Amino acid sequence: MPAAEPVPLVVDVRVTNPGDIAPAVGVAISEPFWMKLPKVAFFWLRLLVFPFVVLKFLMEVAVCAILLGIFGVLGAWGAGLFTQEQVMPFIADFGDRTLALIRALGFPI
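Residues numbered from 1 in each chain as written. Predicted model: local features only at pLDDT ≥ 70, side-chain atom pairs only at ≥ 80, totals over all residues. Heavy atoms only, no water.

**Comments concerning the overall build of the protein chain**
Of the regular secondary structure elements, the protein chain holds 2 helices and 0 strands. Across the 109 residues in the protein chain, those meeting the buried criterion constitute 3%. Carbon and sulfur atoms provide 75% of the accessible area of the protein chain, an area that totals close to 10,300 Å². (Helix = DSSP H or I, 4+ residues; strand = E, 2+ residues; numbered from the N terminus. Buried < 20%, exposed > 50% of the residue type's maximum accessible area, 1.4 Å probe, protein only. Areas by Shrake-Rupley, 256 points an atom, 1.4 Å probe, with all protein chains shown as cover.)

What follows is the structure, given as structure tokens:
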């Protein structure tokens, strides 16, 4: 049986960044803790604000649904699906409340 040839040992010592030789020689250097503080603080801030983001989204959905309902009813009224007699009690009540609010705010009308 022939003897196996020795494999030459090759060590890569190229330095891509002259000030940072540690990765080239395989030494793991971690960042100091204060370098990670902005990332950690931003994460906790986003986690703290997340419930408010969800609440804002749900409120936007509610406002969109209300506006869609209002415009849907106005469109149905305009198309003749509701009669004037069916709609006038709601419009009169809305108008009375709006005028009362304007008077309560102190606007002369």
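**Things to note about helix α1 (residues 33-78)**
Taking 1.5 Å per residue as the helical rise, α1 with its 46 residues ought to reach 68 Å, and the 66 Å between its terminal C-alpha atoms agrees with that figure. The largest bend in α1 is about 40°, located at V49, with the proline P51 one to four residues further on. Count one or two residues on from α1 and you reach G80, which has phi positive near 90°. (Expected span 1.5 Å × (residues − 1). Bend = angle between axes of the 7 residues up to and from the residue.)

**As for the pattern of salt bridges**
Tallied over the entire structure, the rule returns 2 salt bridges. Two residues, R97 and D93, come together in a salt bridge whose shortest N-O distance is 3.6 Å. Here D93 and R97 lie together in helix α2 (residues 84-104), a separation of 4 residues that amounts to about one turn. (Salt bridge = Lys/Arg side-chain N within 4 Å of Asp/Glu carboxyl O.)

**Quick word on α2**
In this model α2 runs 30 Å from its N-terminal to its C-terminal C-alpha over 21 residues, within 8% of the 30 Å that 1.5 Å per residue would give. Positioned one or two residues after α2, G106 has a phi angle of 95°, which is positive.

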